[in-house]
Amino acid sequence: MAMVILVTFLLLIRCSGANDLAIFEKTLYEAFKCSYDKSSPTLTIENGVTDEQIKECVKTYKYTEQLMLWNSHLSNIPKYLNILRHLVHLDLSNNDITEVTFEEIEGICQQLIYLSLDNNDIEALRKGDLDCLQSLQYLHLGNNKLKFVENGTFSVRMKSIRYIYLVNNSLTVLDFSLLSRLKLSDNVTLTVNASQNFITGITNSANITIQDFTLKTTVGIVATHNNITTVNIQYYFEMLNITNPVQLARLGSSGFDVRFNPLICDCAMFPLADALNTFRDMDPDNPLFSVTCGTPSSLEGMMLRQVPKNQFNCSVEVNCPKMCTCNKTAALDLVTIHCDGNYSKTNIPMTCPVAEKININIKSNKLTKVSSRAYLSNVSQFDVSQCAITTIETSFVDMIQNTSFDALLFNDNGLETIPKSFKNFNFRNEQVLALDGNPFNCDCHTRWMKSWLYLNKKHILRQNNIRCATGPGKNKPIIEVPDNLFICHTLTATDELLIVIGSVIFVALLFIILSYKSKNIQVFMISHFDICKYCCRRRKHRKLLFDIFIPHSCEDDDVIKKIVDYLENHDPPYSVCIGEKNFKPGLTISENILDAIESSQTTLLVISNNFLKSTWCNMEFREAHMRFLRDRNINMVLIVLEELDTKLICKELKIYMDTHVYIQYTDNQFWAKLLQSLPIIIDSPSFTDESPLLSN
């Protein structure tokens with residue numbers, strides 16, 4: 001009967017076309033399946049549409065030991081599986097499960113030996129999710145969306161685990177908590193396959209150490225096809241608490257496969273490459289011995305252990321001179337410093353990265369001098385050819401001559417001479433020096449070079465190109481110029497007379513300039529050298545009650561406070577009189593102003609537009625000016641706070657400002673100019689009234 005219905009249905013839909021037929025055939029193919037194999041015993045359920053459909057099948061075969069529940073759009077692990085009391089093998093692959101929890105089926109969780117959750121939508125595993133799987137040996141979580149495995153998820157409670165399958169997920173870190181079982185037994189076999197993820201490194205939240213491994217331990221970690229770029233031996237030694245390479249024997253039955261990763265074969269990888277070469281015979285089949293380089297392009301695809309030692313290079317940033325590049329060759333403990341035309345210093349770098357050997361290569365027309373540096377004691381190659389060097393300091397020669405350098409290259413520079421200390425230079429073995437292509441001045445001062453070049457012809461390169469640029473031997477190799485042609489010209493009596501006359505004229509002009517600029521020089525010295533605040537100013541003996549009276553507008557109190565604080569904290573301090581603090585009660589303002597001016601050595605007027613608008617301030621200026629005209633031993637100094645409104649300036653003040661120097665408060669050297677205009681007031685009777693160290 002079923003066959004008749006099926007044939008009739010096919011005939012009815014035939015007219016609908018091939019597409020409808022394909023859909024129907026697919027529907028038939030994906031029909032719900034519930035089959036049971038007694039021999040296993042294994043229950044297979046596929047394409048379940050409803051929970052009732054699946055549950056009915058499970059109830060029918062509740063004594064099954066293995067359940068394959070596939071393609072049934074499950075979003076979690078269903079609680080009706082609790083009725084399968086004999087279940088040890090559970091496969092829930094190809095569903096839509098997003099989280100792993102066994103709260104509803106804890107009864108069967110503890111007896112499971114095999115669990116597969118491949119091809120689901122699981123994104124994270126949390127601590128405690130797997131704690132009930134105490135008997136589980138095989139866990140499959142491949143082809144999920146797994147990005148995060150919380151530390152402690154694979155705890156010691158999973159005491160039977162043998163295989164963890166994490167292939168084709170989105171993990172970025174692999175944590176050694178996966179190996180927590182090592183804490184329970186010396187005889188453990190465990191494999192973790194985490195290939196085809198995005199793993200960049202390994203952490204160790206479970207604090208697994210080398211002591212947790214034994215010769216009976218077999219651990220395999222597969223991390224192929226990930227994003228691992230380096231394997232830092234020192235990091236893993238510290239992580240596993242390996243203090244002696246002998247302890248590595250505990251890993252004899254274990255392996256770590258990182259093939260097919262984009263390994264950067266730089267200096268950080270040299271220790272691993274060296275170890276692989278050393279221990280390859282111990283376990284030639286270990287996949288670690290077959291890892292290959294991903295970069296640089298020149299080493300791509302080459303086995304790490306076959307890379308030449310001098311190819312393990314990396315960039316160094318610490319202490320690398322600005323505008324230079326520094327590269328380290330780990331196998332040789334060599335740092336190479338290269339500075340091109342962007343190097344703007346006139347001398348060689350002050351510092352460089354620390355290494356057993358240092359190669360320096362500078363090509364810059366800004367480089368004119370070579371001085372001694374501490375790192376030169378480790379220099380192997382020193383190439384400063386094709387620069388603009390005119391000076392090699394004697395200190396450089398003293399530093400370099402006792403080192404084991406290979407080559408010093410000074411060719412094609414601007415050297416007219418070299419330090420005579422080179423004459424006592426003892427070359428060793430294959431050491432070489434290049435000086436060709438320099439414009440040497442061949443006179444009596446460089447005569448020594450001829451015999452020196454000849455004695456060291458094995459060490460000083462291309463001597464036929466070490467030529468004279470001046471003198472009778474011009475354009476000839478120095479070693480070919482006769483000794484009597486290395487001549488120094490002596491001065492005649494006329495030359496000496498002209499030099500004397502020129503020197504006298506120069507000193508006279510210098511004296512005139514310094515006299516004219518003396519105040520500016522004093523200001524510069526005071527502003528840059530603390531000692532000059534005392535040695536570059538005149539001194540006066542204190543006679544009056546106050547050293548300084550400051551007439552000002554009360555609108556400018558903020559500025560006045562700064563000036564008063566500065567003067568009162570001067571060493572020695574000034575005694576400052578200001579109206580609001582020192583005017584005597586009972587006297588009129590005009591009487592107090594006159595008394596303050598008469599009682600002060602210096603009147604320091606702080607002029608602003610507020611000052612000019614004040615009747616009392618204008619009176620203070622006139623009285624101070626009158627006293628200044630009567631007694632030139634009294635000092636009057638003007639400070640201008642801001643740009644003044646010319647309409648407010650009275651006639652007397654305008655004349656004074658046009659004929660005298662005043663201080664702008666906005667001047668960068670205001671404080672130095674203020675001190676330069678004030679004498680140092682002293683109490684000691686050993687000083688006369690006027691005894692300047694540097695007088696105006």
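The preceding data block contains the structure.
Residues numbered from 1 in each chain as written. Predicted model: local features only at pLDDT ≥ 70, side-chain atom pairs only at ≥ 80, totals over all residues. Heavy atoms only, no water.

Asks: Explain the sheet that holds strand E4 (residues 89-91) here, please?
Replies: Paired through backbone hydrogen bonds, the strands of a sheet run either parallel or antiparallel to each other. The sheet built from 10 strands is open, its strands ordered E1-E2-E3-E4-E5-E7-E9-E11-E13-E14 with mixed pairing. In the strand order of this sheet, the two ends are held by strand E1 (33-37) and strand E14 (255-257), each with one partner. Across the sheet, the axes of successive neighbouring strands diverge by a mean angle of 5 degrees, strand direction being ignored. Strands E1, strand E2 (42-46) and strand E3 (66-70) of the sheet are contacted by helix H3 (residues 51-60), whose axis makes an angle of about 170 degrees with E2. (Pairing = 2+ DSSP bridges. Helix = DSSP H or I, 4+ residues; strand = E, 2+ residues; numbered from the N terminus. Axes fitted to C-alpha atoms, helices over the stretch in contact; angles between N-to-C directions. Contact = heavy atoms within 4.5 Å.)

Asks: Would you mind going over the sheet that holds strand E28 (residues 546-549) with me for this structure?
Replies: Pairing is parallel in the open sheet, where five strands are placed in the order E29-E28-E30-E31-E32. The open sheet terminates on both sides in strands that have one partner only, identified here as strand E29 (576-577) and strand E32 (663-664). Two strands pair when backbone bridges link them, and strand E31 (residues 635-640) and E32 are joined in this way by two bridges, in the parallel orientation. The residue of E32 that forms the bridge with Val 640 is Gln 664. Contacting E28, E29, strand E30 (600-607) and E31, helix H12 (residues 557-568) runs over the sheet at an angle of about 150 degrees to E30. Its contacts with the sheet place helix H17 (residues 651-659) against E30 and E31, and it is angled at close to 95 degrees to E31.

Asks: I keep staring at the state of the cysteines and nothing clicks. Help me out?
Replies: Covalent bonding between the sulfur atoms of two cysteines defines a disulfide. Taken as a whole and judged by the stated rule, the model has eight disulfides. Through a disulfide, Cys 267 is tied to Cys 314; the S-S separation comes to 1.7 Å. Because the torsion about its S-S bond is 75 degrees, the bridge between Cys 267 and Cys 314 counts as right-handed. Separated by 47 residues along the polypeptide, Cys 267 in the loop between E14 and helix H6 (270-279) and Cys 314 in strand E15 (residues 313-315) bring together distant segments of the chain. For the residue pair Cys 267 and Cys 314, the accessibility class agrees, reading buried in each case. Paired through a disulfide, Cys 444 and Cys 488 show a sulfur-sulfur distance of 1.6 Å. Disulfide Cys 444-Cys 488: the torsion about the S-S bond is -100 degrees, which places it as left-handed. Linking Cys 444 in the loop between strand E24 (440-441) and helix H8 (448-455) with Cys 488 in the loop between strand E26 (468-470) and helix H9 (493-516), this pair joins segments that are 44 residues apart in sequence. (Disulfide = S-S within 2.5 Å. Buried < 20%, exposed > 50% of the residue type's maximum accessible area, 1.4 Å probe, protein only.)

Asks: It is not clear to me how the pairing of E2 should be interpreted in this structure. Could you clarify?
Replies: A regular strand places its side chains so that they alternate between the two faces of the sheet. Among the five residues that make up E2, five are buried, leaving the element largely enclosed by the rest of the structure. Going residue by residue along E2, you find Thr 42, Thr 44 and Glu 46 tucked away on one face and Leu 43 and Ile 45 tucked away on the opposite face as well. Pairing of E1 with E2 involves five bridges; the strand directions are antiparallel. Looking across to E2, one finds that Cys 34 is bridged to Ile 45. Adjacent in sequence and paired antiparallel, E1 and E2 are bridged by four residues. With H3 bridging E2 and its parallel neighbour E3, the resulting β-α-β unit is right-handed. (Right-handed = clockwise from strand over helix to strand, strands pointing away.)

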